[in-house]
Amino acid sequence: MQPDLRPRRPVAVLLALSCARFCMGLQLQTIASLTPFLMADLGLDYSEIGLLIGLFLAPGLALAIPGSILMKRFGHVRPGILGLILMATGCAALPLADDFLPAALCRLVAGTGGILLNIAFLRLTAQLFQGASMNTAISVVLSSWPVGLGLGAVSYPLLAEMVGWQSTLWMVAALTLAVAIGVSLTVPDTARQSRGAGEAGLSRISKQSWKVSLALGSAFSCFTAGGIIYLSFAPAFFTSLDMSHAEASIAASMIVWLGLIGTPLGAWIADRFDMARTMMVSGACLSAVLIIPIALGGNPLWLSIVLGITWGLPGAPYTGMLQRVLPPTDHGLGYGIYFFLFYCGFFGFPAVAGWLLEVTGDPTMPIWFSMVLMAASVPLVAIFSTASRSRGHQSSRG
């Protein structure tokens, strides 16, 4: 049997884990929201900006699967705290860079920390809040990430104008270190309790679990990357429509701010009506459709508000789905595959979006690309559904 790992102070623990993911969102958004300043001071082009955005999660290509083994041996808290420290270090060192290569190295250091934190704390949330409260807890922790993205998108340009982009990054690094201290004092270390709880080694995962994990990870990769590309490149498109940079950043950030409504709403609907798969498909379809009028010059603010709600709907169902359809012995490698594909897409797709903008000079091209990615997640969810039902596991019918 799995040990009872429920924390004694669940609200404080959930707040600490949410703050950690909030910092990850802040760190991820630094490049996209400071693009004009970095291009001016470091001489970067749009392709290099796209690479720097993707490099934050690029270490996941190497760490996603080994990270699962690491968590099994050392628990989740210590690797997560190490991740926060690495994020702070990379962020604090970036202002010292003078061109692309040093900036890329700083981004890789911060990204390595982000990978450790992401793997550790999402799985820890599922461990600590088992049962009926799991999806609610996951939705809270997931929602904190877009809050960081949205706050960064809105505040970074303003802070950079007031105190400089270098000081802005140093403030983010200091906040990340403070959160690391808070997590160390609040979140219980489950390493001893969870050791030997029954996760299998790499050789024991079934072929069907491979199929399920590959399909779901690919779908989540496409869907999430589509939203991040929109958030990162929509400001450039909106400024071409005669919006100020601040107004464009606010409009683009609605896709993550309104996730505060969409993510818990999707989790509630999925649990209340047993419609997890429906949330994954409908969220992707609605989001892709909404991007069409935006790319054609529709009202950026109001359309982005609705887009934020629809883009948030699948978040919790995606994150909790493997926990529901895979046997416990396959969770470790299953989530490793899932996160590996997520990081592949996050590293590669923004670079492609930057390249499209660079070669065409058309600021709508990344927006159309984000729509294509969201739409592509729908058939991948269908493949996942077919593979998971053939397993015979109990899972959400919707």
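Located above this text is the structure these notes cover.
Please read all numbers here as calculations on a predicted model, not as lab measurements.

Helix and strand counts for the protein stand at 17 helices and zero strands. By residue count, 58% of the 398 residues in the protein fall in the buried class. Restricting to contacts in the protein with at least 6 residues of sequence separation, those with at least 24 account for 86%. Counting every atom, the protein has about 15,200 Å² of accessible surface; 68% of that belongs to carbon and sulfur.

Taken together, the side chains of L158, M162, V163 and M171 define a hydrophobic patch exposed on the protein surface, amounting to about 400 Å² of accessible area. With three residues, the single largest contributor to the nonpolar patch is helix α7 (residues 134-163). Relative to the helices and strands, V163 is located in helix α7. Classification of V163 as partly exposed rests on a relative accessible area of 43%.

Relative to the helices and strands, S253 resides in helix α11 (residues 245-257). In terms of polar contacts, S253 uses its side chain to reach the backbone carbonyl oxygen of I250, at 2.8 Å. For S253, the residues in contact, after removing those within four places along its chain, are G150, A153, V154 and L231.

As a further point, take the environment of F56. Residue position: F56 is located in the loop between α3 (46-55) and α4 (60-74). Among the residues examined, F56 registers a relative accessible area of 0% and is labelled buried. With residues up to four places along the chain from it excluded, the contact list for F56 reads M24, Q27, L28, M87, R107, A110, G111, T112 and G114.

Attention now goes to the packing of helix α10 (residues 207-239) against helix α17 (residues 365-389). Two elements in contact, α10 and α17, have axes whose closest approach is 8 Å; the angle formed by their N-to-C orientations is 165°. The pairing of α10 with α17 is recorded here as roughly antiparallel in orientation. Crossing handedness for the pair α10 and α17: left-handed. Its residues assigned to classes, the contact of α10 with α17 comprises 22 nonpolar, seven polar and one charged.

Here we take up unusual backbone geometry. The bulk of non-glycine residues show a negative phi, and the bulk of peptide bonds are trans. Its identity is not glycine, yet D242 carries a phi of approximately 70°, on the positive side. With respect to the helices, strands and loops of the structure, D242 is situated in the loop between α10 and α11. Relative accessible area serves as the criterion here: at 75%, D242 is assigned to the exposed category. We note that D274 has phi near 55°; this positive angle belongs to a residue other than glycine.

Let's shift gears to the packing of helix α1 (residues 10-33) against α3. Where α1 meets α3, the closest approach of the two axes is 9 Å, and the angle between their N-to-C directions is 180°. With respect to each other, α1 and α3 are oriented roughly antiparallel. Facing L28, I31 and A32 of α1, the residues of α3 in contact are I49, L52 and I53. In terms of residue class, the contact of α1 with α3 is made up of six nonpolar, no polar and no charged.

The rules behind the values
Residues numbered from 1 in each chain as written. Predicted model: local features only at pLDDT ≥ 70, side-chain atom pairs only at ≥ 80, totals over all residues. Heavy atoms only, no water. Helix = DSSP H or I, 4+ residues; strand = E, 2+ residues; numbered from the N terminus. Buried < 20%, exposed > 50% of the residue type's maximum accessible area, 1.4 Å probe, protein only. Contact = heavy atoms within 4.5 Å. Areas by Shrake-Rupley, 256 points an atom, 1.4 Å probe, with all protein chains shown as cover. Patch = residues over 30% accessible without salt bridge, like charges linked within 9 Å, V, L, I, M, F, W, Y side chains within 5 Å. Salt bridge = Lys/Arg side-chain N within 4 Å of Asp/Glu carboxyl O. Polar contact = N/O pair within 3.5 Å; in protein donor to acceptor, adjacent residues only side chain to side chain. Axes fitted to C-alpha atoms, helices over the stretch in contact; angles between N-to-C directions. Parallel < 35°, antiparallel > 145°, perpendicular 65-115°, else oblique. Left-handed = near helix turned anticlockwise from the far one by under 90°. Nonpolar A, V, L, I, M, F, W, Y, C, P; charged D, E, K, R; others polar.

By themselves, these figures tell us nothing about what the structure is for.
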